[in-house]
2 protein chains.
Amino acid sequence: MTEHKKFEEVTISSELIFKGKIISLQVDQVKLPNGGTASREIVKHPGAVAVIALLGDRMIVVEQYRKPLEKSQVEIPAGKLDSGEEPLRAALRELEEETGYRTDNIRLVSSFSTSPGFADEIIHLYIAEDLVKGTANPDEDEFLDCEAITLEQAQQYMREGRISDAKTIMAVYAWQLYKLTGQI
Amino acid sequence: MTEHKKFEEVTISSELIFKGKIISLQVDQVKLPNGGTASREIVKHPGAVAVIALLGDRMIVVEQYRKPLEKSQVEIPAGKLDSGEEPLRAALRELEEETGYRTDNIRLVSSFSTSPGFADEIIHLYIAEDLVKGTANPDEDEFLDCEAITLEQAQQYMREGRISDAKTIMAVYAWQLYKLTGQI
């Protein structure tokens with residue numbers, strides 16, 4: 001047993017419950033390490049990208065309505081991977097579609113799971129600098145405002161709850177560490 | 001229209017697809033700001049807590065198998081809210097169940113959504129210090145190892161992918177900022 005399979009839960013059976021446009025849902029019956037069984041409710045997601053886009057002393061954020069939360073939120077630019085799309089290409093595409101900015105200076109910060117208890121979604125988080133202006137072009141069912149904010153504004157938005165999603169809070173922390181240490 | 005309803009998507013109809021033990025799934029038809037319509041696939045979750053538990057120069061982490069990712073992961077102690085449970089109480093309960101530690105010194109760092117595009121899950125993230133030893137008591141279908149790691153180990157685990165979920169990466173960043181600035 002390799003380290004990354006410790007306490008493995010082996011699939012006994014898997015039932016597809018729903019296949020939607022973006023997510024699907026399955027329920028797996030699994031065998032536990034002690035020989036018992038349990039069911040696991042699992043959301044399958046195509047994966048996503050997000051970008052810490054720095055413009056001098058400011059970071060680009062977008063405000064949009066988030067139906068699951070029933071409120072609008074200020075977040076870093078992000079979006080789902082298209083089928084077969086390479087994450088770096090998706091990051092550059094979403095950055096330009098949502099904010100109108102392009103860059104050649106972009107690198108991966110981390111790839112992380114958002115909700116490992118019930119979903120397989122992975123977000124690939126990039127940092128982009130040396131932005132140049134292109135043309136914004138959101139998806140047809142996507143409505144958003146774009147803004148460049150300072151670190152102090154980002155921290156204020158966090159206190160006010162206007163920024164309150166994991167990837168954007170992580171981005172603000174990473175940005176602050178980058179300013180303090182020169183590394184991220 | 002208040003600021004937090006900007007670009008509101010008004011529900012036209014909502015269909016419950018699945019009601020499970022932990023999550024449920026609904027598909028909403030919504031009216032967009034431009035008058036068009038769209039469907040939104042929404043996972044409902046009871047909410048969760050997570051704890052940055054500091055023991056001197058170390059942070060307590062637990063390793064467990066995450067079926068949606070098909071691998072074991074090192075994460076900060078965390079768990080779902082029981083029905084009607086107050087988040088602070090849940091944080092203290094999960095901390096003791098998973099790690100055996102108790103404390104009176106605990107405070108909220110932030111409450112954040114994990115996947116605002118498709119889920120309503122909120123994680124309430126706490127920081128706990130001045131830990132004292134009690135008795136670990138995991139749930140019956142929960143198998144985990146507990147370990148106290150330094151910041152350097154945590155960063156190494158992130159590079160190796162053993163730590164790769166949003167709340168734990170956020171916790172490592174927050175811990176590093178706390179060490180650098182004395183604040184979080």
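The rules behind these values
- Residues numbered from 1 in each chain as written.
- Chains lettered and ligands numbered in written order.
- Predicted model: local features only at pLDDT ≥ 70, side-chain atom pairs only at ≥ 80, totals over all residues.
- Heavy atoms only, no water.
- Axes fitted to C-alpha atoms, helices over the stretch in contact; angles between N-to-C directions.
- Helix = DSSP H or I, 4+ residues; strand = E, 2+ residues; numbered from the N terminus.
- Left-handed = near helix turned anticlockwise from the far one by under 90°.
- Contact = heavy atoms within 4.5 Å.
- Nonpolar A, V, L, I, M, F, W, Y, C, P; charged D, E, K, R; others polar.
- Salt bridge = Lys/Arg side-chain N within 4 Å of Asp/Glu carboxyl O.
- Buried < 20%, exposed > 50% of the residue type's maximum accessible area, 1.4 Å probe, protein only.

> Just to check I follow, could you spell out the packing of helix α3 (residues 166-181) of chain A against helix α3 (residues 166-181) of chain B for this structure?
Helix packing for two helices is described by the angle between their axes and how far apart those axes are. For the pair α3(A) and α3(B), interaxial distance at closest approach is 10 Å and the crossing angle is 35 degrees. Where α3(A) crosses over α3(B), the two elements pack in a sense that is left-handed. Counting all contacts with α3(A), which are made through A:Ala166, A:Ile169, A:Met170, A:Tyr173, A:Ala174, A:Gln176, A:Leu177, A:Leu180 and A:Thr181, the residues of α3(B) involved are B:Ala166, B:Ile169, B:Met170, B:Tyr173, B:Ala174, B:Gln176, B:Leu177, B:Leu180 and B:Thr181. Residues that form the contact of α3(A) with α3(B) fall into these classes: 14 nonpolar, four polar and no charged.

> Got a minute to help me understand the pattern of salt bridges in this structure?
When the charged atoms of two side chains lie near each other, side chains of opposite charge can form a pair. Residues and elements named next belong to chain A. A full pass over the atoms with the stated rule returns 32 salt bridges over all chains. In this structure, Asp 57 engages Lys 179 in a salt bridge whose closest nitrogen and oxygen atoms are separated by 2.8 Å. Pair noted here: Asp 57 is in the loop between β4 (48-55) and β5 (58-66) and Lys 179 is in helix α3, with a separation of 122 residues, a long-range link. When its relative accessible area of 49% is taken as the criterion, Asp 57 is described as partly exposed. In this structure Lys 179 comes out as partly exposed when scored by relative accessible area, which is 41%. Glu 75 is paired through a salt bridge with Arg 66; the nearest N and O atoms lie 2.8 Å apart. Accessibility expressed as a relative area gives 0% for Glu 75, which makes it buried. The exposure class assigned to Arg 66 is buried, which follows from its relative accessible area of 15%. Each member of the salt-bridge network shares a partner with another, and the members are Asp 82, Glu 85, Arg 93, Glu 94 and Glu 97.

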